[in-house]
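A look at the structure
Read off the chains here:
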Amino acid sequence: MKILKVHIKIRWLFLLSALFLCIPVFYAQPTLPQRTLTVLPTQPIDFGLFYSTGAAGTIKVDWQGVRTTTGGVIALSGSTARPAIFDVKLCQGRNVIISYPPTTTISNGGGVSLTLDIGPTEKGVSGSSFVVNNNCNFITTVRVGGTLHVPGAASTAAYSGVYSGIFELNFVQE
């Protein structure tokens, strides 16, 4: 009888071991990469120092920071022009569509406004699609240029000063 009890205990141990081996093992899935699009403005557009001779003209800064003028607008040498810069972060090398209005106004705080044509960007014109960097730790930089329209009356004191304003860029992930 004693031997029989030992065999029964071994049989139960064997059955329990077999039961544990048959239990399916579930593994957690890896965390999905971030799907949130983050855009941070890191540099405003800057046309540098310039003046008007009394004739209408424009001053343009392209997305590379190259400044050109037309008409009565004269850029002062030694001043630096810069494009606007935005840092875009989105994982997985996804596509992003950039869009923006064609123009906005900026003002000097004294009631005088100027028209600013927005773009193009280094990624193309409004409505263009581009791919962000594949790795979540890298940032895709988007540089934006613009053209400032200076009227002929801009040589008067009312037009002097520092101008500021806001332009809107829309980034939509595909």
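What you see is a predicted model; the values in this text were computed from it and never measured.

1. Considering the sheet that holds strand β10 (residues 170-173)
- What the three strands build is an open sheet, ordered β8-β5-β10; its pairing is antiparallel. The strands lining the two open edges of the sheet, one partner per strand, are β8 (128-131) and β10. Between one strand axis and the next, the sheet turns through 30° on average, direction left out of account.
- Here strand β5 (residues 95-99) runs beside β10; their pairing, made up of four bridges, is antiparallel. What sits directly across from Ser99, in β10, is Asn170.

2. What about the packing of aromatic side chains?
- Considering all chains together, one arrives at two aromatic pairs under this definition.
- Between Phe86 and Phe171, the ring centres sit 6.5 Å apart and the planes meet at 50°, which makes this aromatic pair tilted. Here Phe171 lies in strand β10 and Phe86 lies in strand β4 (residues 84-89), a separation of 85 residues in the sequence.
- Note on Phe86: relative accessible area 12%, which makes it buried.
- What links up through ring pairs into an aromatic cluster is the set Phe86, Phe167 and Phe171.

3. What about the confidence of the model for the protein chain?
- Looking at the protein chain, the pLDDT average stands at 83 and 78% of residues meet or exceed 70.
- Mean pLDDT values for the elements of the protein chain range from 51 in helix α1 (residues 2-22) up to 96 in strand β3 (residues 67-75).

Cut-offs and rules
Residues numbered from 1 in each chain as written. Predicted model: local features only at pLDDT ≥ 70, side-chain atom pairs only at ≥ 80, totals over all residues. Heavy atoms only, no water. Pairing = 2+ DSSP bridges. Helix = DSSP H or I, 4+ residues; strand = E, 2+ residues; numbered from the N terminus. Axes fitted to C-alpha atoms, helices over the stretch in contact; angles between N-to-C directions. Phe/Tyr/Trp six-rings, centres within 6.5 Å; stacked < 30°, edge-to-face > 60°. Buried < 20%, exposed > 50% of the residue type's maximum accessible area, 1.4 Å probe, protein only. pLDDT = per-residue confidence, 0-100.

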